[in-house]
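Spelled out, the chains give:
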Amino acid sequence: MVTSQECDFSAIAGCYAASWRSSHGFFPAERVARFDAAAGAGILTELLAQGGRLWAAKVHGRCGGIVCLLGDEISKLYVHPEAQNLGIGSALLAHASAQVHTPRLHVLTINLGAQRLYFRHGFRFTGNRRPFYEGIMELEMIGPAHSGKVPLATISH
Ligand SMILES: CC(C)(COP(=O)(O)OP(=O)(O)OC[C@H]1O[C@@H](n2cnc3c(N)ncnc32)[C@H](O)[C@@H]1OP(=O)(O)O)[C@@H](O)C(=O)NCCC(=O)NCCS
């Protein structure tokens, strides 16, 4: 049911924005509210302009989640709040990871749920970190290297 630009871009941006707002409650409320589909579309457009790749998971005909890859860096793993805990994030992560030899990503110190997910997929902390917002840091993680001989993950529900 998944992959790529089968969802229209505004649906992708709307899904990204809804998930972003649900996971950034530590920002001031006005900043969270400002992050609408148009703001999401701007960020994704910029990523694509830099050569990033974007996949979307279609769930019951709607965009249920997204993930980006720029070089070997996975970013923008966002599942719609109504579609979380159904395995979509795992499927998107596996799909993006399978495109590169050694995937990397950044996760917030406070995002323990996402960290658990990444650990289950074999990601480990590199020790590199950078400031994000008011004492919250972004931690770098690196995924398990693969030989390139494994088949690309298929995403199906
Ligand atoms: C993190 C996220 C991508 C996982 O996608 P998902 O489809 O819900 O995940 P799956 O169903 O494949 O796996 C479930 C696991 O995801 C994690 N998870 C689920 N909901 C989560 C949430 N709201 N926030 C963070 N992690 C979550 C947990 O590890 C969960 O397993 P566990 O709680 O049983 O240990 C998704 O919850 C999400 O979009 N969260 C908000 C945005 C975000 O935090 N993105 C990651 C940025 S690094």
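Residues numbered from 1 in each chain as written. Predicted model: local features only at pLDDT ≥ 70, side-chain atom pairs only at ≥ 80, totals over all residues.

Peer 1: Could you give an account of the packing of helix 1 (residues 9-23) against helix 3 (residues 37-49), with specific residues and numbers?
Peer 2: Two measures define how a pair of helices packs: the angle their axes make with one another and the distance between the axes. Packing of helix 1 against helix 3 brings their axes to within 8 Å, and their N-to-C directions diverge by 105°. With respect to their mutual orientation, helix 1 and helix 3 come out roughly perpendicular. Of the residues in helix 3, those in contact with Phe-9, Ser-10, Ile-12, Ala-13, Gly-14, Tyr-16, Ala-17 and Trp-20 of helix 1 are Ala-37, Ala-39, Gly-40, Ala-41 and Leu-44. Taken together, the residues that form the contact of helix 1 with helix 3 break down as 10 nonpolar, three polar and no charged. (Axes fitted to C-alpha atoms, helices over the stretch in contact; angles between N-to-C directions. Helix = DSSP H or I, 4+ residues; strand = E, 2+ residues; numbered from the N terminus. Parallel < 35°, antiparallel > 145°, perpendicular 65-115°, else oblique. Contact = placed C-beta atoms within 7 Å. Nonpolar A, V, L, I, M, F, W, Y, C, P; charged D, E, K, R; others polar.)

Peer 1: How would you summarise unusual backbone geometry if you had to cite specific residues and measurements?
Peer 2: Even without being a glycine, Lys-76 presents a positive backbone phi close to 55°. Summarising the element assignment, Lys-76 is placed in strand 3 (residues 73-79). In this structure Lys-76 comes out as buried when scored by C-beta crowding, with 24 C-beta atoms within 10 Å. In the Ramachandran plot, Asn-85 falls in the positive-phi region, its phi being about 65° despite a non-glycine side chain. Within the element layout of this structure, Asn-85 appears in the loop between strand 3 and helix 4 (88-97). (Buried ≥ 20, exposed ≤ 12 C-beta atoms within 10 Å, placed from the backbone.)

Peer 1: Just give me the short version of the site of the ligand, but keep the residues and values in it.
Peer 2: If you check the shell around the ligand, you find 18 residues, and the closest are Ser-23, Gln-84, Gly-89, Ser-90 and Gly-113. At four residues, the largest contribution of residues to the shell around the ligand is made by helix 5 (residues 112-120). (Near = placed C-beta within 6 Å.)

Peer 1: Pulling in residues and values, what's your account of the nonpolar core?
Peer 2: Within the largest apolar cluster, 32 residues are counted, with the highest numbers of intra-cluster contacts made by Ile-12, Ile-66, Val-67 and Leu-92. Those elements that place two or more of their residues in this core are helix 1, strand 1 (53-59), strand 2 (62-70), strand 3, helix 4 and strand 4 (104-108). For this core, the leading source of residues is helix 1, giving six residues. For Val-67, the contacting residues outside a window of four places in its chain are Trp-55, Ile-74, Lys-76, Leu-77, Leu-92, Leu-93 and Ala-96. (Core = buried A, V, L, I, M, F, W, Y, C linked by C-beta atoms within 7 Å.)

Peer 1: If you had to explain the environment of Lys-76 to someone new, which residues and values would you point to?
Peer 2: In this structure, the C-alpha to C-alpha distance between Lys-76 and Leu-105, residues 29 residues apart in sequence, is 9.6 Å. Among all residues touching Lys-76, those that are not within four sequence positions of it are Tyr-16, Ile-66, Val-67 and Cys-68.

Peer 1: Which residues make up the environment of Ala-18, and what values do they have?
Peer 2: Position of Ala-18 relative to the elements: it lies in helix 1. When the 21 C-beta atoms within 10 Å are taken as the criterion, Ala-18 is described as buried. For the pair Ala-18 and Ala-37, spaced 19 residues apart in sequence, the C-alpha to C-alpha distance is 8.0 Å. Leave out the neighbours within four places in its chain, and Ala-18 touches His-80 and Pro-81.

Peer 1: Explain the pairing of strand 2 residue by residue, including any values.
Peer 2: For strand 2, a buried count of seven out of nine residues is recorded, marking the element as mostly surrounded by other parts of the structure. Bridging between strand 1 and strand 2 involves seven bridges; their strand directions are antiparallel. By the bridge assignment for strand 2, Ala-56 is matched with Ile-66. Hairpin geometry of strand 2 and strand 3 is characterised by an intervening segment of two residues between the two adjacent antiparallel strands and by a positive phi of about 65° at Gly-71. (Pairing = 2+ DSSP bridges.)

Taken by themselves, the reported measurements are silent on function.
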